[in-house]
Each structure stands twice: as structure tokens, then as C-alpha cells.
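Working through the structure, step by step
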Amino acid sequence: MRKQSLAVLYTLLFSFFVMMASFQLSSQDLYFVSDVEANVSRPDLITGIPQKAVSYTQLSKQDRKQIDCLAKNIYYEAGFEPVSGWFAVASVTMNRLLSGNYADTVCGVVYQNNGRTYQFSWVGMKNRLSKIDEDVYNSILKVATAMYLGYDTSKDITKGATFYHADYVNPGWKLEKTKKIGRHIFYRSPKDTLGEDI
């Protein structure tokens, strides 16, 4: 019985390290992920954003609409990534908003079309999207609310990125690579004048 238990434990540990290697997370990222997953109900503990006394349901209809756009973008771009991936996608969305080079609302950024394609691929596939997992979405909504309400005081784990792509494609961008988080590689554009720590 003890040998079987040890075998199961070794198998689980091996699977964990294989999974971490596939995400290529640094030790700092591992700390961040475990911290976020333990505290997703308190995103302020992770982002440095002061927790607001107001809840999502107390916000104006317009603010809720913007948060919903942000949450959907996180969900469809990184919903089943490590939780650090949620914050990373939210950061890129908010960085685009704050740069002044894209649309002037969160929803505008998310649904922006450059004339050939949408900036976030899921938007162009709306008719083929899978049904939302409510438990995952509700957790993402907490992250989206915190990021929307206090992004100007948060730490940006993407280091000012305004672009990213999945690690299994190579678009050949001439941009500065800032970080790899989960299955996404993040980039900063010289035209988007954002500091490393927003």
C-alpha cells in the first residue's frame, strides 16, 4: 500500500514539473500563480490594486459593460491558462486603452478591427465560441473588476506589453519581447509609450 502511495505521489510530482516546464514559468511566475490561485477572491493582494469598497453590482451600468468586455476578453483569450494569464491579458487590454493609440474604451479596445482582422481573435469567431463555464467566468469577473477599477496603481506583469500571441505561432513581429506567461508571448511596441511598471 505504501509503495502504491509513493508511486502515485511521484507520478503527480512528475506531472507537475512537466506541466510547469511546458508553460516555461520562472520561479517568480510560479509564486505569482500560486498566490493568485489562493487569493482570486482578493485580487488586490496580487496586483497591488487597493481593494475598492464598491462591488461589481454597485457600479454604474456603463462601468459594468466595460468590465464585462474585459472579463470576456480574459475568458476567451486565457480562461483556462494559469491565473497569471488572466492578469496578463487584462494588462494588455488596459495598456492599449491607456496608450491612446487604440480605442478609448475597454469595449472599443476588445472589439477593435483594423480593417482586416480583429485585434483579439475570439471576437471574429463569436458564432463558434463554446458555452461559458460560469465558475471560471465568475472568478475572472473579480479579476476584471479589480483591474478596471484600479489599473493605474497596479503592477503590470507584462512590462508594458500591448501585443501577444500564442507560443505555437510566429507572426514575425518586429517588437520588443517582454515576457512569456502561460502559452502567450508578450511584446511592447515602441509607439505605445508605457513604462515598464504601470
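A short tour of the structure in this document, coming up. (Residues numbered from 1 in each chain as written. Predicted model: local features only at pLDDT ≥ 70, side-chain atom pairs only at ≥ 80, totals over all residues. Heavy atoms only, no water.)

Here we look at the side chain of H165
Position of H165 relative to the elements: it lies in strand β1 (residues 163-166). The class for H165 is buried, based on a relative accessible area of 8%. In this structure the side chain of H165 is engaged in a polar contact, spanning 3.4 Å, whose partner is the backbone oxygen of V169. A distance of 2.8 Å separates the side chain of H165 from the side chain of Y187, its partner in a polar contact. Among residues more than four places away in sequence, those in contact with H165 are P171, W173, R183, H184, I185 and Y187. (Helix = DSSP H or I, 4+ residues; strand = E, 2+ residues; numbered from the N terminus. Buried < 20%, exposed > 50% of the residue type's maximum accessible area, 1.4 Å probe, protein only. Polar contact = N/O pair within 3.5 Å; in protein donor to acceptor, adjacent residues only side chain to side chain. Contact = heavy atoms within 4.5 Å.)

A few points about the side chain of T93
Positionally, T93 belongs in helix α5 (residues 83-99). Those residues in contact with T93, other than ones at most four positions away along the chain, are L70, N73, V106, V109, V110 and F120.

Describing the layout of surface pockets
Quantified by volume, the largest pocket comes out at close to 560 Å³. Residue lining of the largest pocket: 21 residues in total, with E77, S121, Y164, H165 and A166 positioned closest to the centre. Among the elements of the structure, α4 (61-78), α5 and β1 are those that each provide at least two residues to the lining of the largest pocket. Looking at the lining of the largest pocket, the element that brings in the most residues is β1, giving four residues. (1 Å grid on protein atoms, 1.4 Å probe; cavity = no way out; pocket = protein on both sides within 12 Å on 5 of 7 lines; lining within 4 Å. Points joined across faces, edges and corners; volume = space filled by probe spheres on them.)

Observations regarding the sheet that holds strand β3 (residues 184-188)
With antiparallel pairing, three strands are arranged side by side in an open sheet as β1-β3-β2. Unpaired on one side and paired on the other, β1 and β2 (176-181) mark the two borders of the sheet. Between one strand and the next, the sheet's axes are offset by a mean angle of 25°, whatever the strand orientation. Note: β1 against β3, four bridges, orientation antiparallel. (Pairing = 2+ DSSP bridges. Axes fitted to C-alpha atoms, helices over the stretch in contact; angles between N-to-C directions.)

Some thoughts on α5
Taking 1.5 Å of rise per residue, 17 residues should cover 24 Å, and α5 covers 24 Å from first to last C-alpha, within 8% of that figure. G100 sits one or two residues past α5 and shows a positive phi near 80°. (Expected span 1.5 Å × (residues − 1).)

Here's the deal with the packing of α4 against helix α7 (residues 134-150)
Two measures define how a pair of helices packs: the angle their axes make with one another and the distance between the axes. Axis separation between α4 and α7 bottoms out at 8 Å; the angle between their running directions is 125°. What the angle tells us is that α4 and α7 run oblique. Where α4 crosses over α7, the two elements pack in a sense that is right-handed. Contacts between α4 and α7 involve D63, Q66, I67, D68, L70, A71, K72, I74 and Y75 from the first element and V136, Y137, I140, L141, A144, T145, M147 and Y148 from the second. Split by residue class, the contact of α4 with α7 holds 12 nonpolar, two polar and three charged. (Parallel < 35°, antiparallel > 145°, perpendicular 65-115°, else oblique. Left-handed = near helix turned anticlockwise from the far one by under 90°. Nonpolar A, V, L, I, M, F, W, Y, C, P; charged D, E, K, R; others polar.)

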